[in-house]
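Survey of secondary and tertiary structure
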Amino acid sequence: MLDGPCGSPSTLGVSQGARDYKLRDRLSDMPKPGPHCSDRSAIPSTRRVTYSIDEHVGVISEMVDKSLKDPETRQLAVRVVSDRFQNVRRGGQMKEVLRAWGCDFKPPGGPACGPRKDRCEIEKVWNFLNDNVRYVFDQTGVDQFATLKASLQMGGGDCDDFTIAFAALLGALGFHVAARVISTNSAPDQWVHIYAMVGLPKDNPTQWLPLDPTVEGAVPGWQFDKIAKFRDYILVG
């Protein structure tokens, strides 16, 4: 288990007034509607009590595997990087959407990625998840783990769920993906945060790029700079 709300200012030592990196709250800064879904039934997530960080990451790995076994994950990942969008009418206007699991999601901007453009694919997936999933804490006292499908349908998730979502979409595109768990200088014996690491190049990774979207202004490659200890776990590859 993580020893606190993952990625929170208190656990990472980020002040609420930090100018460059503050906890993202896109709901207040830039309101966005949730996904338009034809199926309004309850969205399942997994509640699990874990007693060690290895067990915690094990549940994350289960959610990644479950997401990758869903054929719609691969279809969505390819459409994200290939600009294969659909036009739908909403409020009397035509809009481009990415449709998956009966829901319409906001597509990422920019041109389609060319062949073997690994960084372009990473940036497309990054933008897609940032535009469609808001960072939110789990319910107090409960560890909840969501598949890619569940996070997108809910429109939110915590650092566990973002790790699962990145691993699922990038894994479906052939990337190797790891999870990095960290402690900070202020609490070196407490695991307080987790995020995805994607390997580059895709076919034979020699470097690992952090993907931590839980602070405002972050970009692919950014990570917290006061890390006391870290532990990496392979999720895909």
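Structural data are supplied above this passage.
In what follows, the accompanying structure is described. Being a predicted model, the structure only gives us computed values, none of them experimental.

This part is about the sheet that holds strand 10 (residues 193-200). The strand order 11-10-9-12 describes an open sheet built from 4 strands, whose pairing is antiparallel. Every other strand in the sheet has two partners, leaving strand 11 (207-211) and strand 12 (227-236) as the edge strands with one partner each. Across the sheet, the mean angle separating the axes of adjacent strands is 35° when strand polarity is ignored. As judged from the 5 bridges shared by strand 10 and strand 11, these two strands associate in the antiparallel manner. From the neighbouring strand, Ala-196 faces strand 11, where its bridge partner is Leu-211.

In this section: helix 7 (residues 159-172). The end-to-end C-alpha distance of helix 7, which contains 14 residues, comes to 20 Å, matching closely the 20 Å that a straight helix rising 1.5 Å per residue would cover. Burial within helix 7 is extensive, with 14 of its 14 residues counted as buried. The backbone nitrogen of Asp-160 has a side-chain oxygen 3.2 Å away, supplied by the residue at the start of helix 7, namely Asp-158. Backbone geometry just after helix 7 places Gly-174 at a positive phi near 95°.

What follows deals with the packing of aromatic side chains. Each aromatic ring pair is summarised here by two numbers: the centre-to-centre distance and the angle between the ring planes. The final tally for this structure, using the stated rule, is 4 aromatic pairs. Here the aromatic rings of Tyr-135 and Phe-137 are separated by 6.0 Å at their centres, their planes lie at 90°, and the arrangement is edge-to-face. Aromatic ring contacts, followed pair by pair, group Trp-126, Phe-162 and Phe-166 into a single cluster. Taking NZ or CZ as reference, Arg-180 lies 4.0 Å from the ring centre of Phe-230, over its face.

Moving on, we come to the state of the cysteines. If you walk through the whole model with that rule in mind, you get 2 disulfides. Across a sulfur-sulfur distance of 2.0 Å, Cys-37 and Cys-103 are joined as a disulfide pair. Note on the Cys-37 and Cys-103 pair: the S-S dihedral is about 110°, so by sign convention the disulfide is right-handed. Here Cys-103 lies in strand 5 (residues 103-105) and Cys-37 lies in strand 1 (residues 36-37), a separation of 66 residues in the sequence. Here the two residues Cys-37 and Cys-103 agree in accessibility, since each one is buried. A sulfur-sulfur distance of 2.0 Å marks the disulfide that ties Cys-113 to Cys-120. In this structure the cystine formed by Cys-113 and Cys-120 twists about its S-S bond by roughly -85°; its chirality is therefore left-handed. By relative accessible area, which is 23% here, Cys-120 ends up partly exposed.

Taking 1.5 Å of rise per residue, the 15 residues of helix 5 (residues 118-132) would be expected to cover 21 Å, and the 22 Å separating its terminal C-alpha atoms lies within 8% of that figure. Of the residues making up helix 5, those classed as buried are Asp-118, Glu-121, Ile-122, Lys-124, Val-125, Trp-126, Phe-128, Leu-129, Asn-130 and Asn-132.

With that settled, the discussion passes to the environment of Gly-171. Mapping Gly-171 onto the fold places it in helix 7. Given the relative accessible area of 17%, Gly-171 is considered buried. Taking the C-alpha atoms as reference, Gly-171 lies 8.8 Å from Arg-74; in sequence the two are 97 residues apart. Excluding anything up to four places from it in sequence, Gly-171 contacts Leu-68, Phe-166, Val-177 and Val-236.

On the secondary structure map, Glu-121 appears in helix 5. For Glu-121, a relative accessible area of 10% gives the class buried. Beyond its immediate sequence surroundings of up to four residues, Glu-121 is in contact with Val-81, Cys-113, Leu-170, Leu-173, Phe-175 and Lys-202.

Taken as a whole and judged by the stated rule, the model has 7 salt bridges. A salt bridge links Arg-48 to Glu-62; the nearest nitrogen and oxygen atoms lie 3.3 Å apart. A residue pair is termed long-range when its members are at least 10 positions apart, and Arg-48 in the loop between strand 2 (46-47) and helix 3 (53-69) and Glu-62 in helix 3 qualify at 14 residues. Arg-48 gets classed as partly exposed once you look at its relative accessible area, which sits at 31%. One salt bridge in this structure joins Asp-83 and Lys-124, with 2.8 Å as the shortest N-O distance.

Rules and cut-offs
Residues numbered from 1 in each chain as written. Predicted model: local features only at pLDDT ≥ 70, side-chain atom pairs only at ≥ 80, totals over all residues. Heavy atoms only, no water. Pairing = 2+ DSSP bridges. Helix = DSSP H or I, 4+ residues; strand = E, 2+ residues; numbered from the N terminus. Axes fitted to C-alpha atoms, helices over the stretch in contact; angles between N-to-C directions. Expected span 1.5 Å × (residues − 1). Buried < 20%, exposed > 50% of the residue type's maximum accessible area, 1.4 Å probe, protein only. Polar contact = N/O pair within 3.5 Å; in protein donor to acceptor, adjacent residues only side chain to side chain. Phe/Tyr/Trp six-rings, centres within 6.5 Å; stacked < 30°, edge-to-face > 60°. Lys NZ or Arg CZ within 6 Å of the ring centre and 35° of its normal. Disulfide = S-S within 2.5 Å. Contact = heavy atoms within 4.5 Å. Salt bridge = Lys/Arg side-chain N within 4 Å of Asp/Glu carboxyl O.

By themselves, these are just geometric observations and shouldn't be taken as functional.
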